[in-house]
Amino acid sequence: MTNVTEPTAGPGQNIEGEAPETEPDADTEDVTVHDDVELERTIGLVGGLSIGIGTMIGAGIFVFPGLAAGNAGPAATLSFAIGGLIALLVALPASELATAMPRSGGGYFFVSRSMGTAYGAVVGLGLWLGLVFAAAFYLVGLGFYAAAVFAELGIGLPFDPVVVLGLLFGVALTALSIGGTENTAKIQNIVVAILLVILTLFLSYGSLDALGVFGRESVPGQFFSQGYFPVLSTAALVFTSYLGFAQVATVAGDIKRPSRNLPLAMVGSVLVVTAFYVLTIFVATSAFDALALERLGETAMVEVAREFVGLPGAVAILFAGLLATFSSANASILSASRTVYALSRDALLPRKASDINLRYGTPHVALLAAGGPILVLVGTGEVAVLAEVASFLHLIMYGLICVAVIVLRRRDPDWYDPSFQMPGFPALPAIGAVASFGLVAFMQLPSIAIGGGVMALSYVWYRYYAGSVELRGDF
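The shown structure was predicted, so the numbers you read here are calculated from the model rather than taken from an experiment. (Residues numbered from 1 in each chain as written. Predicted model: local features only at pLDDT ≥ 70, side-chain atom pairs only at ≥ 80, totals over all residues. Heavy atoms only, no water.)

*Asks:* Sorry, what's going on with the overall build of the protein chain here?
*Replies:* When you go through the protein chain residue by residue, the secondary structure sums to 17 helices and two strands. Excluding contacts between residues fewer than 6 apart, the proportion of contacts in the protein chain whose partners are at least 24 apart in sequence is 81%. For the protein chain, the accessible area works out to roughly 16800 Å², and carbon and sulfur atoms hold 64% of it. (Helix = DSSP H or I, 4+ residues; strand = E, 2+ residues; numbered from the N terminus. Contact = heavy atoms within 4.5 Å. Areas by Shrake-Rupley, 256 points an atom, 1.4 Å probe, with all protein chains shown as cover.)

What follows is the structure in structure tokens.
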């Protein structure tokens, strides 16, 4: 039996979780209880992988190559590999926690039930805003690719297309998510399938060309052309690319057969995407040197494809870039709303935010609470800052997720009974925590300041609004 903590009191009162007598098993179709309304479990393994892969593949492959190569040169491949390794070290403990607590809210839920309400509130509010920054970053990237399509067609627009198109897509995706999670997941599956086919064909051709199997041999230049330190600072920048696996845990309340599908979706998506990232940077730095890629900026991959295949390649990558940034933004908005939903259920945000739309079965207020701030940030158009702040907030949460596994294994409460136990305990979660916290030190100071400010405001909110709320982990 899987018991869920269900707050029944408002702020300023103690909240204890009791197991509903009629609650079904965690692997059945409908288990996430909210008063008399439940979130349906409509997302299977393919959908979970699509959320993870679709979120991660967008920024990593289509927005970052120019920025990353400009910072670290060909060694940006190592930056992406480091990011993937840290993500894998976190995906394993996150998978264990998710099978023990398959509830919407992901990292917030794990930390709050293992380390206390104060930690959970800071992580939960930080996760919500971290996903808001990430979604805004993806939407700005989507705006860049949409603007590039108009430029390729020779169509001039009387306004800044990047921001305006990003805002329009943000409104459309929020409305789509309100219309139903199942519809959103189906679109995500189709988008990711098309995207992977295009990328596999392009990267296979580009790799063979770069290695001289056909065409010209053009391997990257000096590997550490920018030095060694930029490898780690670039890893901190591009870590936004690896937020997708945690977003699978954030929608755990929508996942079918969570004990099986959550670990497979999280670990599998990290492994698949890391391979794509490393290969992409190799192909990009084989086509152009680091300075040229930096000048090409957010749409550098379009010119890489043009270099290898000509106009058909450029058109294909433009189309893939639109799909990728679309899927990343789509998954981030969905995950941000589920974090708001979980915080509201626990009375750390107003309970109104966890209302369920009875027609569509979606938390419409939570979706609006996610979509509104995203549109404000899209208006800034600041790609690098948005990416790093999102990375900062997630890295703090990832480090605490690793600590949470250690805490729960040591404490061994009766309710903690995960169907998946990570290997290498306690060494691997300890390394994951140190790596997550340590990568923050290589970020730019403005990003650290903004991220630290978000955490400080989250704690102030907790003390002011819900300082007496106590959450208990009975599952």
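Here the narrative resumes, following the displayed structure.
*Asks:* What am I meant to see in the packing of aromatic side chains here?
*Replies:* Two aromatic rings are characterised by how far apart their centres lie and by the angle between their planes. Using the criterion set out here, one finds 14 aromatic pairs in the structure. Residues F229 and F442 carry aromatic rings whose centres are separated by 5.5 Å and whose planes lie at 50° to one another, so their mutual orientation is tilted. Taken together, the residues span a long stretch of sequence, with F229 in helix α8 (residues 229–238) and F442 in the loop between α16 (427–440) and α17 (445–466) at a distance of 213 residues. You can call F442 partly exposed: its relative accessible area is 24%. Pairing W461 with Y465 gives two aromatic rings, centres 4.8 Å apart and planes at 20°, and the pair type is stacked. With W461 and Y465 both in helix α17 and four residues apart, the pair spans about one turn of that helix. Classification of W461 as partly exposed rests on a relative accessible area of 31%. One aromatic cluster in this structure is built from F80, F239, Y242, F245, Y277 and Y398. Residue placement shows R113 over the ring face of F109; its charged tip is 4.0 Å from the ring centre. Positioned above the aromatic ring of F425, the side-chain terminus of R409 is 4.4 Å from the ring centre. (Phe/Tyr/Trp six-rings, centres within 6.5 Å; stacked < 30°, edge-to-face > 60°. Buried < 20%, exposed > 50% of the residue type's maximum accessible area, 1.4 Å probe, protein only. Lys NZ or Arg CZ within 6 Å of the ring centre and 35° of its normal.)

*Asks:* I tried to follow the nonpolar core on my own but got confused; where do I start?
*Replies:* Side chains of a nonpolar character, in soluble globular proteins, are inclined to be buried together. Ranked by internal contacts, the top residues of the largest apolar core, which has 145 residues, are F62, L97, F202, F245, V304, Y398 and I401. A total of 19 residues in this core trace back to one element, the largest contributor, which is helix α5 (residues 117–152). The contact partners of Y398, leaving out residues within four places of it in the chain, are V90, F239, Y242, L243, F245, A246 and S436. (Core = buried A, V, L, I, M, F, W, Y, C linked by side-chain atoms within 4.5 Å.)

*Asks:* I'm lost on the confidence of the model for the protein chain in this one. Help?
*Replies:* Predicted coordinates in areas of low pLDDT are best not read in detail. Averaged over every residue, the pLDDT of the protein chain is 82; the share at 70 or more is 87%. No element of the protein chain has a lower mean pLDDT than strand β1 (residues 32–34), at 37, and none a higher one than α16, at 95. The low-confidence segment residues 1–38 (pLDDT under 50) makes 104 contacts with residues lying over four places distant or belonging to another chain. (pLDDT = per-residue confidence, 0-100.)

*Asks:* How should I be thinking about the pattern of salt bridges in this particular structure?
*Replies:* Close approach of charged atoms allows side chains with opposite charge to pair. Taken as a whole and assessed by the stated rule, the structure comprises five salt bridges. Salt-bridge contacts for E96 lead to R409; the nearest nitrogen and oxygen are separated by 2.9 Å. Taken as a pair, E96 in helix α3 (residues 76–100) and R409 in helix α15 (residues 383–411) lie far apart in primary sequence, 313 residues in all. Judged by its relative accessible area of 22%, R409 is partly exposed. D355 is paired through a salt bridge with K352; the nearest N and O atoms lie 3.1 Å apart. (Salt bridge = Lys/Arg side-chain N within 4 Å of Asp/Glu carboxyl O.)

*Asks:* Looking at this structure, how should I read the packing of α5 against α17?
*Replies:* At a minimum axis distance of 9 Å, the contact between α5 and α17 shows a crossing angle of 135°. The angle between the axes of α5 and α17 places the two elements in the oblique class. Once α5 is placed against α17, the crossing between them reads as right-handed. Contacts between α5 and α17 pair T117, A118, A121, V122, L125, G126, L129 and F133 from the former with I450, V454, M455, S458, Y459, W461 and Y462 from the latter. (Axes fitted to C-alpha atoms, helices over the stretch in contact; angles between N-to-C directions. Parallel < 35°, antiparallel > 145°, perpendicular 65-115°, else oblique. Left-handed = near helix turned anticlockwise from the far one by under 90°.)

*Asks:* So what exactly am I meant to see when it comes to α3 here?
*Replies:* Three- or four-residue spacings in an α-helix give side chains the same orientation, since the helix completes a turn every 3.6 residues. Relative to the 36 Å expected for 25 residues at 1.5 Å per residue, α3 spans 36 Å between its end C-alpha atoms, a close match to the ideal helical length. Within α3, 20 of the 25 residues are buried, leaving the element largely enclosed by the surrounding structure. (Expected span 1.5 Å × (residues − 1).)

*Asks:* How should the packing of helix α2 (residues 64–72) against α8 be read in this particular structure?
*Replies:* For any two helices packed against each other, one specifies the crossing angle of their axes together with the interaxial distance. Look at α2 against α8: their axes get within 9 Å of each other, and the N-to-C directions meet at 160°. In terms of orientation, α2 lies roughly antiparallel with respect to α8. Note that α2 runs across α8; the crossing there is right-handed. Mapping the contact onto sequence places F64, A68, N71 and A72 in α2 and P230, V231, T234, L237 and V238 in α8. Looking at the contact of α2 with α8, its residues break down into seven nonpolar, two polar and no charged. (Nonpolar A, V, L, I, M, F, W, Y, C, P; charged D, E, K, R; others polar.)

*Asks:* Is there a simple way to explain unusual backbone geometry in this structure?
*Replies:* Negative phi is the rule for most residues except glycine; trans is the rule for most peptide bonds. Put simply, F425 and P426 share a cis peptide bond, and its omega is 0°. Topologically, P426 is positioned in the loop between α15 and α16. A positive phi is found at A347, a non-glycine position, where the angle reads about 65°. Relative to the helices and strands, A347 resides in the loop between α13 (311–345) and α14 (364–378). According to the relative accessible area criterion, A347 is buried, its value standing at 1%.

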